[in-house]
There are 2 protein chains.
Amino acid sequence: MDDQKPTDANGARILHPDRDLATVIGDLVAVSSRLARLAASETGNAESPAVWRTLAVLRDLGPLRLGELARASRVAQPTMTKLVHALDERGWVRRLVDAADGRAWKISLDPSGLAALDAWRAELGEALAPWFAGLSPDDVDTLIDASRIVHERLDLQPARGAVRPGGVA
Amino acid sequence: MDDQKPTDANGARILHPDRDLATVIGDLVAVSSRLARLAASETGNAESPAVWRTLAVLRDLGPLRLGELARASRVAQPTMTKLVHALDERGWVRRLVDAADGRAWKISLDPSGLAALDAWRAELGEALAPWFAGLSPDDVDTLIDASRIVHERLDLQPARGAVRPGGVA
DNA sequence: CCAATCTATATAGATTGGCTATATGATGTC
DNA sequence: GACATCATATAGCCAATCTATATAGATTGG
């Protein structure tokens, strides 16, 4: 098969006449929600999704203050306090004193947390493999691309005026 | 307008050397989880995500029995019972007697439920627009495609005996 | 340098969604 | 027609998250 990826079998790529961005995003969110739900229910995972979201944010953005982390992970600060305590006890994150500000902590991802995150991702991939078996290389390609696109957008913070912690540059 | 979409600006589509499927799925789920969370927190929406998931499933699969609906929406049956009662009171779904089986109901999406779902999607799109502003047509295309791909997979139920619609070869 | 004030995190209490266990009513089988 | 089975409903519990508030460190005017 030629890798001419677009317009697959049923010409999907060329028939999105007037779908406005809002609709596209709405669909994307709907399907994302269902996928996340499937993943959560399919892996017998004991950890809450918030745990993995938090670790992933730390991996992507590097050490953050607790408040920054809460905002980035879209939870309230008290929720993040509890979450971080739990993660700290597991050894998955470190609470570093912020030398410049005694009130604050720098939360950083411990190597064991990164390992746990990777393990979770692998487990997830295996658990969901039956659903995605037989995906064409082309489709896999599209999913990789979409992940990256959304990923980039998530780390923006348009609502607050681009706080960008450690310079994402 | 040349719809030559593949291999976008930075040639993303061709540089995924050895990423195995599990990793791709893991990333996809991680990013989906964060997106869903963002959406939930960004719209002041009073309804739980389960409401929208359920309506979306009904829209996609048509009238279902309560138990089937619970499985498709990935919640326990009692949870779906409560959910359906709430949706019924809002007039968003109808509980039709199953003539062939007095124990069961057929839950069907009411037009008003479909309208609510559309309205939610629109609201969502607007709320998240700031994050996705300036997306290239090509990227939008990728997201549409990815939504469709995942969507198709979600409606499969591999656990119950590989329904596989169009043999994936 | 001290007091007033602001900021970062911690704690308390309430709300909610979801689950497991089990009850109820309908089917169908021998 | 009694019994095992299936679909849905109800009861009670747990976990995650939120809002409101307390505490401790930082900052600044005088």
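Residues numbered from 1 in each chain as written. Chains lettered and ligands numbered in written order. Predicted model: local features only at pLDDT ≥ 70, side-chain atom pairs only at ≥ 80, totals over all residues. Heavy atoms only, no water.

Before we go on, may I ask you to explain the UniProt feature "domain: HTH marR-type" (unreviewed entry) in chain A in this structure?
As annotated in UniProt, the feature "domain: HTH marR-type" (unreviewed entry) corresponds to residues 21–152 of chain A in the numbering used here. Strand forms 9% of residues 21–152 of chain A and helix 72%; the C-alpha atoms that close the span are 17 Å apart. (UniProt positions renumbered as here; feature names shortened; annotations may be inferred. Helix = DSSP H or I, 4+ residues; strand = E, 2+ residues; numbered from the N terminus.)

What should I look at first to understand helix α6 (residues 137–154) of chain B in this one?
Side chains three or four residues apart in an α-helix point the same way, a direct result of the helix having 3.6 residues per turn. With 18 residues, α6(B) should reach 26 Å at 1.5 Å per residue; the first-to-last C-alpha distance of 26 Å fits that figure. For α6(B), a buried count of 14 out of 18 residues is recorded, marking the element as mostly surrounded by other parts of the structure. (Expected span 1.5 Å × (residues − 1). Buried < 20%, exposed > 50% of the residue type's maximum accessible area, 1.4 Å probe, protein only.)

It is not clear to me how the protein's contact with DNA strand C should be interpreted in this structure. Could you clarify?
Taken together, the neighbourhood of DNA strand C is formed by 23 residues, with Q77(A), R95(A), R103(A), T79(B) and G102(B) sitting nearest. Per the 4 Å cut-off to the protein, sugar and phosphate atoms form 65% of the nearby atoms of DNA strand C. Between DNA strand C and G67(A) there is a distance of 2.9 Å, counted from a phosphate oxygen to a backbone nitrogen or oxygen. Counting residues per element, the ones that place at least two in the surface near DNA strand C are α3 (66–73) and α4 (77–90) of chain A together with α2 (49–61) and α4 (77–90) of chain B. The element that contributes the greatest number of residues to the surface near DNA strand C is α4(A), accounting for four residues. Broken down by class, the residue content of the surface near DNA strand C amounts to eight nonpolar, seven polar and eight charged. (Near = heavy atom within 4 Å. Polar contact = N/O pair within 3.5 Å; in protein donor to acceptor, adjacent residues only side chain to side chain. Nonpolar A, V, L, I, M, F, W, Y, C, P; charged D, E, K, R; others polar.)

Looking at this model, I keep getting lost on the sheet that holds strand β1 (residues 64–65) of chain A. Mind explaining?
Residues and elements named next belong to chain A. As summarised here, the arrangement of the three strands in space is β1-β3-β2, forming an open sheet in which the pairing is antiparallel. Every interior strand has two partners, whereas the edge strands, β1 and β2 (93–97), have only one. One ladder, built from two bridges, connects β1 with strand β3 (residues 105–109); its direction is antiparallel. Within β3, the residue paired with R65 across the bridge is K106. Along the sheet, helix α2 (residues 49–61) makes contact with β1, β2 and β3, crossing β3 at roughly 95°. Its contacts with the sheet put α4 on β2 and β3, and the angle it makes with β2 is roughly 110°. (Pairing = 2+ DSSP bridges. Contact = heavy atoms within 4.5 Å. Axes fitted to C-alpha atoms, helices over the stretch in contact; angles between N-to-C directions.)

Can you help me understand the interface of chain A and chain B in this one?
In many analyses, interface size is given as the accessible surface area lost on bringing the parts together. Chain A puts 70 residues into the contact, and the matching count from chain B is 72 residues. Together, the buried faces of chain A and chain B total about 6,900 Å²; carbon and sulfur atoms form 68% of this surface. Looking at the side of chain A facing chain B, the largest losses of area belong to R34(A), R74(A) and W131(A), adding up to 12% of the total buried there. Taken together, the links from chain A to chain B amount to six salt bridges. Between R121(A) and D27(B) there is a salt bridge whose closest N-O contact spans 2.5 Å. Looking at the side of chain A that touches chain B, the elements that each hand over two or more residues are α1 (21–42), α2, α3, α5 (111–132) and α6 (137–154) of chain A. With 21 residues, α1(A) is the single largest residue contributor to the side of chain A that touches chain B. Looking at the side of chain A that touches chain B residue by residue, the class counts come to 39 nonpolar, 12 polar and 19 charged. (Buried area = accessible area lost by both parts, 1.4 Å probe. Salt bridge = Lys/Arg side-chain N within 4 Å of Asp/Glu carboxyl O.)

Before we go on, may I ask you to explain the protein's contact with DNA strand D in this structure?
Lining the immediate environment of DNA strand D, one finds 22 residues, of which T79(A), G102(A), Q77(B), R95(B) and R103(B) sit closest. Across the atoms of DNA strand D situated within 4 Å of the protein, the share located in sugar and phosphate is 61%. In this structure, a phosphate oxygen belonging to DNA strand D sits 2.7 Å away from a main-chain N or O atom of G102(A). Of all the elements in the fold, those that place two or more residues in the surface near DNA strand D are α4 of chain A together with α3 (66–72) and α4 of chain B. In terms of residue count, the dominant contributor to the surface near DNA strand D is α4(B) (four residues). Split into classes, the residues belonging to the surface near DNA strand D amount to eight nonpolar, seven polar and seven charged.

Help me understand the relation of the copies chain A and chain B in this model?
Both copies of the chain are placed relative to one another by a rotation about an axis and a shift along it. The operation relating chain A to chain B is a screw motion whose rotation component is 180°, with 0.0 Å of axial translation and a residual RMSD of 0.1 Å. On the angle and the small slide along the axis, the relation comes out as a two-fold axis. Minimal C-alpha separation from the rotation axis in chain A is found for S32(A), amounting to 2.3 Å. Looking at the interface residues of chain A, 97% of them are also at the interface in chain B, so both copies use one shared face. (Least-squares fit on C-alpha atoms with pLDDT ≥ 70 in both.)

Explain helix α1 (residues 21–42) of chain B to me, please; I cannot follow it from the model alone.
In this model α1(B) runs 31 Å from its N-terminal to its C-terminal C-alpha over 22 residues, within 8% of the 32 Å that 1.5 Å per residue would give. Within α1(B), 16 of the 22 residues are buried, which leaves it mostly tucked inside the rest of the structure.

Can you help me understand the sheet that holds strand β2 (residues 93–97) of chain B in this one?
The pairing of strands in a sheet happens through backbone hydrogen bonds and is either parallel or antiparallel. Spatially, the three strands line up as an open sheet ordered β1-β3-β2 (chain B), and their pairing is antiparallel. In this open sheet, the two edge strands, each paired with only one partner strand, are β1 (64–65) and β2 of chain B.

Hey, could you run me through the packing of α2(B) against helix α5 (residues 111–132) of chain B in this one?
Between two packed helices, both the angle of their axes relative to each other and the distance between the axes serve to describe the pair. All names here are of chain B. Between α2 and α5, the shortest axis-to-axis distance is 10 Å and the interhelical angle comes to 120°. The orientation of α2 relative to α5 falls into the category oblique. By crossing handedness, the relation of α2 to α5 is classed as left-handed. Listed contacts from α5 to W52, L55, A56 and R59 of α2 are G113, L114, A116, L117, W120 and R121. The residue makeup of the contact of α2 with α5, split by class, is seven nonpolar, one polar and two charged. (Parallel < 35°, antiparallel > 145°, perpendicular 65-115°, else oblique. Left-handed = near helix turned anticlockwise from the far one by under 90°.)

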